[in-house]
Amino acid sequence: MLTQTIIPRPIAWILSENDDKTLNLAPFSFFNAVCADPPLLMVSIGKKPNGEIKDTRRNMLSGRDFVVHIADLDQAQALSHSAATLDYGDSELAIDNLPLDVFEGCSIPRLASVPIAYHCKFYDSHLIGPAEQAILYAEVIQLYVDDSVVDSVGERIVIDPDGVNPLSRLGGANYGVLNKSFSLVRPK
């Protein structure tokens, strides 16, 4: 009931590097921002059905660079395919032949067609519960935002949420996107 009532949940679509230099791609919907200084993201990652540590978790703990993407509606099918449980070293990128692009300053690329990507490094982790669910903290090193979703308000850069059209996780096999966004002035 937890995953069907805390909705919508943002999805971290994480590209990480395996020990053999192949790339791993997987989505996680227990994900959010945690802190602005240092800029931290949090993702909760369990284990594979056979009890092994999931590849993304293993790769994040290695200390290598990884990239957290915010997928949009156009990537829904590829994101779903990348949730498959594969053997370590088998790359989900081959399933949908996803194009990559250089992520300047990062040791691995980013997905080319995704509007938002965070270059991250492992910051800290905690294990929770009898199943040892991992709460992993990722420090954001740099941010990529596609120019098509950037607006300016005066001197402030504003991301157009409708332009991003972020994919979100609902309960079961259900996903959602923004249907309408609006603004409210915060009280002073």
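Preceding this paragraph is the structure being described.
(A) Local environment of the side chain of arginine 57. Residue position: arginine 57 is located in helix 2 (residues 55-61). Buried and unpaired, arginine 57 has glutamate 132 as its nearest opposite-charge partner, separated by 5.2 Å. There is a polar contact of 3.3 Å between the side chain of arginine 57 and the backbone oxygen of glutamate 132. Not counting residues within four places of it along the chain, the set of residues in contact with arginine 57 comprises Ile45, Gly46, Lys47, Leu127, Glu132, Ala134 and Leu136.

(B) The arrangement of empty space enclosed by the protein in detail. Here the structure, examined in full by the defined rule, presents one cavity of 30 Å³ or more. As a volume, the largest cavity reaches approximately 40 Å³. Surrounding the largest cavity, Ile14, Phe31, Leu41, Met42, Val43, Met60, Phe66, Val68, Leu136 and Ala138 form its lining. For the lining of the largest cavity, the secondary-structure elements that each account for two or more residues are strand 5 (39-45), strand 6 (66-70) and strand 10 (133-145). Among the elements that take part in the lining of the largest cavity, strand 5 stands out by supplying three residues, more than any other. Class assignment of the residues belonging to the lining of the largest cavity gives a composition of ten nonpolar, no polar and no charged.

(C) Summary view of the state of the cysteines. All told, the structure shown has zero disulfides when counted by the stated rule. Unpaired in terms of disulfides, cysteine 106 finds its nearest cysteine sulfur in cysteine 120, a separation of 8.6 Å. Take cysteine 106: its relative accessible area is 13%, and that puts it in the buried class. Of the residues examined, cysteine 120 reaches a relative accessible area of 0% and is grouped as buried.

(D) Layout of the sheet that holds strand 14 (residues 175-176). Spatial ordering of the open sheet is given by 1-13-14, a layout of three strands whose pairing is antiparallel. Here the strands that pair on one side only, and so sit at the sheet edges, are strand 1 (9-10) and strand 14. Sheet topology places strand 1 next to strand 13 (residues 168-169); two bridges connect them, and they run antiparallel. Of the residues in strand 13, the one forming a bridge with arginine 9 is arginine 169.

What counts, and at which threshold
- Residues numbered from 1 in each chain as written.
- Predicted model: local features only at pLDDT ≥ 70, side-chain atom pairs only at ≥ 80, totals over all residues.
- Heavy atoms only, no water.
- Helix = DSSP H or I, 4+ residues; strand = E, 2+ residues; numbered from the N terminus.
- Buried < 20%, exposed > 50% of the residue type's maximum accessible area, 1.4 Å probe, protein only.
- Lys, Arg positive; Asp, Glu negative; His and termini not counted.
- Salt bridge = Lys/Arg side-chain N within 4 Å of Asp/Glu carboxyl O.
- Polar contact = N/O pair within 3.5 Å; in protein donor to acceptor, adjacent residues only side chain to side chain.
- Contact = heavy atoms within 4.5 Å.
- 1 Å grid on protein atoms, 1.4 Å probe; cavity = no way out; pocket = protein on both sides within 12 Å on 5 of 7 lines; lining within 4 Å.
- Points joined across faces, edges and corners; volume = space filled by probe spheres on them.
- Nonpolar A, V, L, I, M, F, W, Y, C, P; charged D, E, K, R; others polar.
- Disulfide = S-S within 2.5 Å.
- Pairing = 2+ DSSP bridges.

Purely spatial values, then, with no claim about function.
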